[in-house]
Amino acid sequence: MAVVKIPSSNTVVSERGQVATFLAAHGIDYERWTPDHSVATDAPPDTVLEAYDREIETLKERGGYRTADVIDVHPDTPNLDTMLAKFNREHWHDEDEVRFIIEGRGLFHVHPPGADVFVLEVEAGDLIRVPRGTHHWFDLCAERRIRAIRLFQDPSGWTPHYTDSGVDRGFQPVCFGPAYM
Ligand SMILES: [Fe+2]
C-alpha cells in the first residue's frame, strides 16, 4: 500500500481510499493491481507482462501508451548511483510517468504548482500514473531495490527536464517501512 506524507503539515495518509483521493486531487492516478494468475516477482519480463496483460491493455487504451517494459534495479546494478542521480533532482517529463511496482519500494516527491511538496512511497502492487509536466523527483529506499512495469507513449519523451529550483535539497529521502526501523 502506498503512503503519502506531507512534510509541511507533518501529515501522513495511509488509508487506501484516502491515498487515492489525495493523489487524484493532484492529477495522479493510483490503483492496486492483482495479476490474472500468480507470478513470481523474479519471473522473466515477458511472463510478468503477460500476467498483468489485462490491466496493461486497459491502461494503454486510457492513456495512449504504446509500449510496456520491466525495469529491474538492485544494489548491484552497474552505475546505479549515476542512474539515480538523473532522477533525484526536481524534474518533469513530456510523457506520463507510469509505474506498477512488482517488488521493492520507491519514493516520489511531488511538487504541485503553488502547493506544498508531498511524498509518495510506493511498494509492490501499487500502480501510479504521474501526468506529464508534473514536477517531481525519485529516490530508492535503503534496500535500493525496485522492479516495476513501465508504460510509455513514446520512450523518447521520458528524458528529464530539470527545474533547477533547488527545492529538492530541502527534503531527506526517508522511506517508511522495515529498512528504517
Ligand atoms: Fe521522473
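1. A word on the overall build of the chain
And step 1. The helix and strand tally for the chain stands at 4 helices and 11 strands.
And step 2. Taken over the C-alpha trace, the chain has a radius of gyration of 16 Å; the compact-globule value for 181 residues is 16 Å, and the two agree within 12%.
And step 3. Taken along its principal axes, the extent of the C-alpha atoms in the chain is 40 × 35 × 35 Å.
And step 4. Considering only contacts within the chain whose residues lie at least 6 apart along the sequence, 74% involve residues at least 24 apart.
And step 5. Of the roughly 9,000 Å² of accessible surface on the chain, 52% is carried by carbon and sulfur atoms.
And step 6. Counting 18 positive and 30 negative side-chain charges, the chain places the centres of these two groups 2 Å from one another.

2. Section: the pattern of salt bridges
And step 1. If you walk through the whole model with that rule in mind, you get 17 salt bridges.
And step 2. Its salt-bridge partner being Lys-60, residue Glu-57 comes within 3.6 Å of it at the nearest N-O pair. Within this pair, Glu-57 and its partner Lys-60 are both found in helix H3 (residues 53-63), separated by 3 residues, close to a single helical turn.
And step 3. The partner of Arg-150 in a salt bridge is Asp-69, with the nearest N and O atoms 2.8 Å apart. Of this pair, Arg-150 sits in strand E10 (residues 146-152) while Asp-69 sits in strand E4 (residues 67-73); the two residues are 81 residues apart in sequence, bridging distant segments of the chain.
And step 4. Residue classification places Asp-69 among the partly exposed positions, given a relative accessible area of 24%.
And step 5. Shared partners join several salt bridges into a network, and the residues in it are Asp-29, Glu-31, Arg-62, Asp-96, Arg-129 and Arg-132.

3. Comments concerning helix H1 (residues 16-25)
Residues spaced three or four apart along an α-helix point in a common direction, a consequence of the helix completing one turn every 3.6 residues.
And step 1. Capping of H1 at its N-terminal end is provided by Glu-15; its side-chain oxygen lies 3.2 Å from the backbone amide nitrogen of Gly-17.
And step 2. After H1 finishes, the residue Gly-27 shows a positive phi value of roughly 80°.

Conventions and cut-offs
- Residues numbered from 1 in each chain as written.
- Predicted model: local features only at pLDDT ≥ 70, side-chain atom pairs only at ≥ 80, totals over all residues.
- Heavy atoms only, no water.
- Helix = DSSP H or I, 4+ residues; strand = E, 2+ residues; numbered from the N terminus.
- Rg over C-alpha atoms; globule rule 2.2 N^0.38 Å.
- Contact = heavy atoms within 4.5 Å.
- Areas by Shrake-Rupley, 256 points an atom, 1.4 Å probe, with all protein chains shown as cover.
- Lys, Arg positive; Asp, Glu negative; His and termini not counted.
- Charge placed at Lys NZ, Arg CZ, Asp CG, Glu CD.
- Salt bridge = Lys/Arg side-chain N within 4 Å of Asp/Glu carboxyl O.
- Buried < 20%, exposed > 50% of the residue type's maximum accessible area, 1.4 Å probe, protein only.
- Polar contact = N/O pair within 3.5 Å; in protein donor to acceptor, adjacent residues only side chain to side chain.

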